[in-house]
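Given next are the chains, with one letter for each unit.
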Amino acid sequence: MAASGRRPEHRGPPELFYDEAEARKYTQNSRVVEIQSQMSERAVELLGLPEDRPCLLLDVGCGSGLSGDYISEEGHYWIGMDISPAMLDVAVEREVEGDLLLADVGHGIPFRPGMFDGCISISAVQWLCNADKKSHSPPKRLYRFFSTLYTALAQGSRAVLQLYPENSEQLELITAQAMRAGFTGGMVVDYPNSAKAKKFFLCLFVGTSGTLPKGLGTKCDSEEPHQAKFTNERTRFRNVKGKSVKKSRDWILEKKERRRRQGKEVRADTKYTGRKRRPRF
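Residues numbered from 1 in each chain as written. Predicted model: local features only at pLDDT ≥ 70, side-chain atom pairs only at ≥ 80, totals over all residues. Heavy atoms only, no water.

Draft legend 1. Region of the structure containing the overall build of the protein. If you tally the helices and strands in the protein, you get eight helices and seven strands. Within the protein, contacts between residues at least 6 apart in sequence are counted, and of these 66% link residues at least 24 apart. Accessible area of the protein: about 15800 Å², with a carbon and sulfur share of 49%. (Helix = DSSP H or I, 4+ residues; strand = E, 2+ residues; numbered from the N terminus. Contact = heavy atoms within 4.5 Å. Areas by Shrake-Rupley, 256 points an atom, 1.4 Å probe, with all protein chains shown as cover.)

In structure tokens:
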């Protein structure tokens, strides 16, 4: 239940659509990974998290953990929910740092009140508008999801849900159920005049009515640094944001240190840590 960078074709429930083959193909697609990282970065940015401490986030429709990778790189902790066993199997194989839960969010968010500092979701919520079974009522499933999500979030926190609405009626249904559950906020649309780059982010507030962020690519948004940028150029040590380049020695050492802080068992650092091995034939 994650993003592909295009409007998904609903050819059945996600737990059936993303079988083992589709899950692996999805996760190994470099373009998918790039787009997923871009939208995850934007979603976390819209959460407005405090910069002085790590937060616990919920990732709804976490898939194989691509969004979670970005959350971990930002120094936060996360729990991911997804309805696809195949997607979660890939996440386990990838050794993502978050905890994973196999669940249908249409049945609700099964966590204690006020547990999370925020929630993100990339291309998942629109699946709740489908009636894949006779017992499914999209309005009821959406309300169950939003009402339990509201309870699971801390006061003053936000949920940012990126979605691909099929039409204006679907968008109105999703927004109405969110407001009915107690959320305030609204829709943030990035690049509204672009057919390819246009993205919808439902930005929801818990307990307080915050100022809705402006969408990127609008007339009133001319600040280019707010846009997520990607490049194929390789950097030897660190990227422009000061973070270690992924899979480099520094990145591996930082990841191991985060795991140690989480109380996980980690191999000791040696001079071979992060060393590239020669190919075998």
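Moving on from the coordinates now.
Draft legend 2. Seen up close, the packing of aromatic side chains. Tallying each qualifying case throughout the model produces four aromatic pairs. Centre to centre, the rings of Phe145 and Phe146 are 4.9 Å apart; their planes meet at 55°, and the pair counts as tilted. Like Phe146, Phe145 is buried. Here Phe146 and Phe183 contribute two aromatic rings whose centre-to-centre distance is 6.2 Å and whose plane-to-plane angle is 80°, an arrangement assigned as edge-to-face. Placement of the pair is Phe146 in helix 6 (residues 138-152) and Phe183 in the loop between helix 7 (168-180) and strand 6 (184-190), with a sequence separation of 37 residues. Residues Phe146 and Phe183 agree in their burial class; the two are buried. Of the aromatic side chains, those joined through ring pairs into one cluster are Phe145, Phe146, Tyr150 and Phe183. When the ring centre of Tyr143 is taken as reference, the NZ or CZ atom of Arg180 above it lies at 4.0 Å. (Phe/Tyr/Trp six-rings, centres within 6.5 Å; stacked < 30°, edge-to-face > 60°. Buried < 20%, exposed > 50% of the residue type's maximum accessible area, 1.4 Å probe, protein only. Lys NZ or Arg CZ within 6 Å of the ring centre and 35° of its normal.)

Draft legend 3. A look at the nonpolar core. Residues Leu58, Ile109, Phe145, Phe146, Leu149, Leu161 and Phe183 are the most contacted members of the largest nonpolar core, which totals 32 residues. Elements with a contribution of two residues or more to this core: strand 1 (56-60), strand 2 (77-82), strand 4 (116-122), helix 6, strand 5 (153-163), helix 7 and strand 7 (199-205). Per-element tally for this core: the top contributor is helix 6, with five residues. If sequence neighbours within four positions are ignored, Leu149 has contacts with Leu58, Ile109, Cys119, Ala159 and Phe183. By size, the runner-up hydrophobic cluster in this structure holds 24 residues, among which are Cys62, Ile71, Val96 and Ile120. (Core = buried A, V, L, I, M, F, W, Y, C linked by side-chain atoms within 4.5 Å.)

Draft legend 4. Fine view of the confidence of the model for the protein. Residue-level pLDDT values for the protein average 82, and 78% of them are 70 or greater. In the predicted structure, residues 2-11 sits below a pLDDT of 50 and forms 30 contacts with residues beyond four places in sequence or in another chain. Note on residues 221-241: pLDDT is under 50 here. Beyond four places in sequence and across chains, it has 24 contacts. (pLDDT = per-residue confidence, 0-100.)

Draft legend 5. Region of the structure containing helix 3 (residues 30-47). With 18 residues, helix 3 should reach 26 Å at 1.5 Å per residue; the first-to-last C-alpha distance of 26 Å fits that figure. Regarding helix 3, the residues found buried are Val32, Ile35, Gln36, Met39, Ser40, Glu41, Arg42, Ala43, Val44, Leu46 and Leu47. At the C-terminal side of helix 3, Gly48 shows a positive phi close to 60°. (Expected span 1.5 Å × (residues − 1).)

Draft legend 6. How the structure looks around the packing of helix 6 against helix 7. Relative orientation of the contacting elements helix 6 and helix 7 amounts to 45°, with a least axis distance of 8 Å. When the axes of helix 6 and helix 7 are compared, the pair comes out oblique. The chirality of how helix 6 crosses helix 7 is right-handed. Residues Pro138, Pro139, Leu142, Tyr143 and Phe146 of helix 6 touch helix 7, and the partners they reach there are Leu173, Ile174, Gln177, Ala178 and Arg180. Looking at the contact of helix 6 with helix 7, its residues break down into eight nonpolar, one polar and one charged. (Axes fitted to C-alpha atoms, helices over the stretch in contact; angles between N-to-C directions. Parallel < 35°, antiparallel > 145°, perpendicular 65-115°, else oblique. Left-handed = near helix turned anticlockwise from the far one by under 90°. Nonpolar A, V, L, I, M, F, W, Y, C, P; charged D, E, K, R; others polar.)

Draft legend 7. Looking closely at the sheet that holds strand 1. Read across the open sheet, the seven strands follow the order 3-2-1-4-5-7-6; overall the sheet is mixed. Two strands in the sheet have a free side with no partner beyond their single neighbour: strand 3 (99-102) and strand 6. Between one strand and the next, the sheet's axes are offset by a mean angle of 15°, whatever the strand orientation. Note: strand 4 against strand 5, six bridges, orientation parallel. Of the residues in strand 5, the one forming a bridge with Ile120 is Val160. Strand contacts of helix 4 (residues 66-73): strand 1, strand 2 and strand 4, with the helix running at about 170° to strand 2, the strand carrying the most contacts. Packed on one face of the sheet, helix 5 (residues 85-93) meets strand 2 and strand 3 and runs near 165° to strand 3. (Pairing = 2+ DSSP bridges.)

Draft legend 8. Structural context of unusual backbone geometry. Even without a glycine there, the phi angle at Glu95 is positive, about 55°. With respect to the helices and strands, Glu95 occurs in the loop between helix 5 and strand 3. The backbone phi angle of Tyr191 is positive, close to 50°, even though this residue is not glycine. Tracing the backbone shows Tyr191 in the loop between strand 6 and strand 7.

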